[in-house]
Each structure stands twice: as C-alpha cells, then as structure tokens.
Amino acid sequence: MPQKKAAPDFFLIIVTLSLLTIGLVMVYSASAVWASYRFDDAFYFAKRQLLFAGIGVTAMFFVMNINYWTWRSWSKIALLICFFLLILVLIPGVGKVRGGASSWLGPSAFSIQPSEFMKIALIIFLAKFLSENQKYVTTIKKGLVPSLALVFLAFGLIMLQPDLGSGTVLVATCITMLFVAGARIKHFVFLGSIGLIGFAGLIISAPYRIQRITSFLDPWKDELGSGFQIIQSLYAIGPGGLLGFGLGQSRQKFQYLPEPQTDFIFSIISEELGFIGATFVLLLFCLLLWRGIRIAMSAPDLYGSLLSVGIIGMIAIQVMINIAVVTGLMPVTGITLPFLSYGGSSLTLMLVAVGILLNISRYARL
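Bear in mind the structure is a predicted one, so any value in this text is a computation, not a measurement.

(A) Here's a closer look at the overall build of the protein chain. When helices and strands are tallied, the protein chain shows 13 helices and two strands. Expressed as a percentage of the 366 residues in the protein chain, the buried residues total 53%. Within the protein chain, contacts between residues at least 6 apart in sequence are counted, and of these 74% link residues at least 24 apart. Surface exposure of the protein chain reaches about 16,500 Å², of which carbon and sulfur atoms provide 70%.

Here is the structure:
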C-alpha cells in the first residue's frame, strides 16, 4: 500500500470544477423555460443540480484523502451491494419508472440510479482482479472469461431495466481496462464477433431500438416521431454559428427539444455559445483525459494504473457517446454528458470517481 503522499493534481481539480461550473450555468439556462412551465419555478432543476454538485464536490475532496487501496479491500462487498441494487430496482413497485425504464430507487427528489454505482464498483473490482491475476490476462479461461462473465452479468441486469446507454458505457469501459491490462487482440476479435451478434439481437428484440436505428439513418423519415429529438438537436447546433445566440437565448429550449437539460445539453451549449463555446467545453474534456492518462501512466502500482484507466475511460467513453448522439453520428442512447447534464446520481458518482483519481495522483510521479 503506497504511503508517501504529495499534493493532489491541482490542474485536474481546476478542470473538473470548470466543467462543473459551466454545467450549473447551462442546466439553468437550458431548463428555465421547461421548469417554469411544469413547476412554476425557473430554478427548479438548477437548485437541485446545485445541491448535488455541493454533495459531489464535498465527496470528491473527502475521497481525495482516502488511500485508493482502501477501495481494493471493499471491492467485493461494494460489487455485491450493487448487484443487489440492480436486482432490487427490477422489482415492480420498488423500482421507479422514468422514460420507460425502471432504473431508479428511492423518493423522486432524491432517487438513485444503481447502474451508476455499478460502473464505479465494477471498475474498482476489475482493477483489483486484473492486477492480482496479470499473468492470466492473456488467457481466455482464467483471464477473459471470469472478467467478462462478471461484466455481462451486470450488463444483463442493466438491460432488464432496460438501459442500453449505461450498459454500453459499462461494457466499453471494462473492455478498455482489459485491453490496457494486456489481453490479446485476437481474443477481442473473437469475443467481439459474438458480442456484435448479441448486440444485434438486443436491437431486433425491441421495436423502439429499431426505430432509433432507422431514425439515425434518416431522421426526417419520421420527423415528428422517432427522428424528432435528433432533428431538434441539429436545429439547435446548426444555427449557433461561431459565437452562438448568447447565454440564455436558445430557441430550442422553448419546448422544441425535449428536456434539454439532460442528454442534449450540449445542443443548447452549441446554440447559445456557438462553435467557440462548444469547442472550449470539448477542450476541457480533452485536458481532463490528458491528466487522467498521465496519472494512470505515473501511478505507483498496477492496481492504481488500472483504476485510473477505468475512471478516465468511463468519462471519455460517456463524453464521446453523448457528443456523437447529439450531433447525429450515433442513434439516441440516453447518455448524460459528465459534469454538465442534469442528474444527481450521475453527477455525484462522477465527482467521487474524480476524487479517487485525485488520490492516486497524490502517489504518482507527475
């Protein structure tokens, strides 16, 4: 267990807080019209986002001071608890249904999303397992199969909700960790072929997913149905131009783009702040990725490196999928934009994950 501590990565803190600040401003700007109409309070979503941001930042600085090896000791228990929560959320009357998915537990104002907790728990457990069994990573029987069996068990429970977006991020993050740990490419090709067949089966099994694929290929074919959301997103991004319409001046948030404070907040950023504002946000994410990679490369042990890769990989994959969706490069999947989109569980857990990364940076040689 690493003992010698230094100061945390100050640059990573600044970038994270910068993204969080932009997110708070844009959640208010994007949600004010809808919040006024639905709750008669323009600050309804902004106040809740500010509350969870405060909880998240407090948790981030608290976790930053906990030796990251502590999570290694609790990884099995945390994983079992998360599996229990994923099962619990599927019980009728216990899990709360939103947007057609039973993904939430608890009172509506302070409900949690177990799939978000599972992402972190599985990253911590997989980092422990792979660091302890590195010599078996290149084998299928003792390396890939145990790891992927656990990953796809979690994926299967998440898909029963169903939540394809969270499941996709979870699987992609874990595969990234396996690849960095040394798994062979030929094994990925073989298992990837099986995965594509299974993924195609998931799409075919649900008519609404087929609609999302067809609307992605030609959204104007059903412009008032399955293609509506992506068309309205493009109507926000396109007219924004170089400088945008100005903060608070979005047109699409006037109940054209459904609930723009969540998955499609980047569309409102592009509309109000233009190409320059959107590029600045993407630059901040690139800086976050760069610092995460540096921490992973400089971590004092393999467990710390894999844990860093899992955290920064999860953030990067979620950002790439969200941006691809809102710009029409991928079918709609329901993925939030880290630190920017409205959502208590997602925001809090992302900040906790950054707190773990900051603790690793205290032992890294940056």
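That shown, we press on.
(B) Broad picture of the packing of aromatic side chains. On inspection of all chains with the given rule, the structure shows eleven aromatic pairs. Aromatic pair Trp69 and Tyr303: ring centres 6.0 Å apart, planes at 75°, arrangement edge-to-face. Pair noted here: Trp69 is in helix α3 (residues 69–73) and Tyr303 is in helix α12 (residues 302–326), with a separation of 234 residues, a long-range link. Residue Trp69 is classed as partly exposed on the basis of its relative accessible area of 22%. On the accessibility criterion, Tyr303 (1% relative accessible area) is buried. With a centroid separation of 6.1 Å and an interplanar angle of 85°, the aromatic rings of Phe152 and Phe155 are classed as edge-to-face.

(C) Geometry of a nonpolar patch on the surface. A surface patch of nonpolar side chains, amounting to about 390 Å² of accessible area, comprises Phe179, Val180, Ile185 and Val189. Of all the secondary structure elements, the ones that give two or more residues to the nonpolar patch are α7 (164–181) and α8 (185–205). Take Phe179: it is sitting in helix α7. Residue classification places Phe179 among the partly exposed positions, given a relative accessible area of 47%.

(D) Quick peek at the packing of helix α4 (residues 75–88) against helix α5 (residues 114–132). The contact between α4 and α5 brings their axes to 9 Å, and the two run at 150°. Relative to α5, the element α4 is oriented roughly antiparallel. Regarding α4 and α5, the two cross each other, and that crossing is left-handed. From α4, Ser75, Lys76, Ala78, Leu79, Cys82, Phe83, Leu85 and Leu86 reach across to α5, where they touch Pro114, Ser115, Phe117, Met118, Ala121, Leu122, Ile124, Phe125 and Lys128. Classifying every residue of the contact of α4 with α5 gives 13 nonpolar, two polar and two charged.

(E) Summary view of the side chain of Ser341. Among the secondary structure elements, Ser341 is positioned in the loop between α12 and α13 (344–361). Within polar-contact distance, the side chain of Ser341 engages the backbone oxygen of Thr262 at 2.6 Å. A polar atom in the side chain of Ser341 sits 2.8 Å from the backbone nitrogen of Leu337.

(F) Seen up close, the packing of α5 against α12. Running from N to C, α5 and α12 cross one another at 145°; their axes reach a closest spacing of 8 Å. The chirality of how α5 crosses α12 is right-handed. Touching Lys119, Ile120, Ile123, Ile124, Ala127, Lys128, Leu130 and Ser131 of α5 are Leu302, Tyr303, Leu306, Leu307, Gly310, Ile311, Met314 and Gln318, all from α12. Within the contact of α5 with α12, the residues separate by chemical class into eleven nonpolar, three polar and two charged.

Rules used in this analysis
- Residues numbered from 1 in each chain as written.
- Predicted model: local features only at pLDDT ≥ 70, side-chain atom pairs only at ≥ 80, totals over all residues.
- Heavy atoms only, no water.
- Helix = DSSP H or I, 4+ residues; strand = E, 2+ residues; numbered from the N terminus.
- Buried < 20%, exposed > 50% of the residue type's maximum accessible area, 1.4 Å probe, protein only.
- Contact = heavy atoms within 4.5 Å.
- Areas by Shrake-Rupley, 256 points an atom, 1.4 Å probe, with all protein chains shown as cover.
- Phe/Tyr/Trp six-rings, centres within 6.5 Å; stacked < 30°, edge-to-face > 60°.
- Patch = residues over 30% accessible without salt bridge, like charges linked within 9 Å, V, L, I, M, F, W, Y side chains within 5 Å.
- Salt bridge = Lys/Arg side-chain N within 4 Å of Asp/Glu carboxyl O.
- Axes fitted to C-alpha atoms, helices over the stretch in contact; angles between N-to-C directions.
- Parallel < 35°, antiparallel > 145°, perpendicular 65-115°, else oblique.
- Left-handed = near helix turned anticlockwise from the far one by under 90°.
- Nonpolar A, V, L, I, M, F, W, Y, C, P; charged D, E, K, R; others polar.
- Polar contact = N/O pair within 3.5 Å; in protein donor to acceptor, adjacent residues only side chain to side chain.

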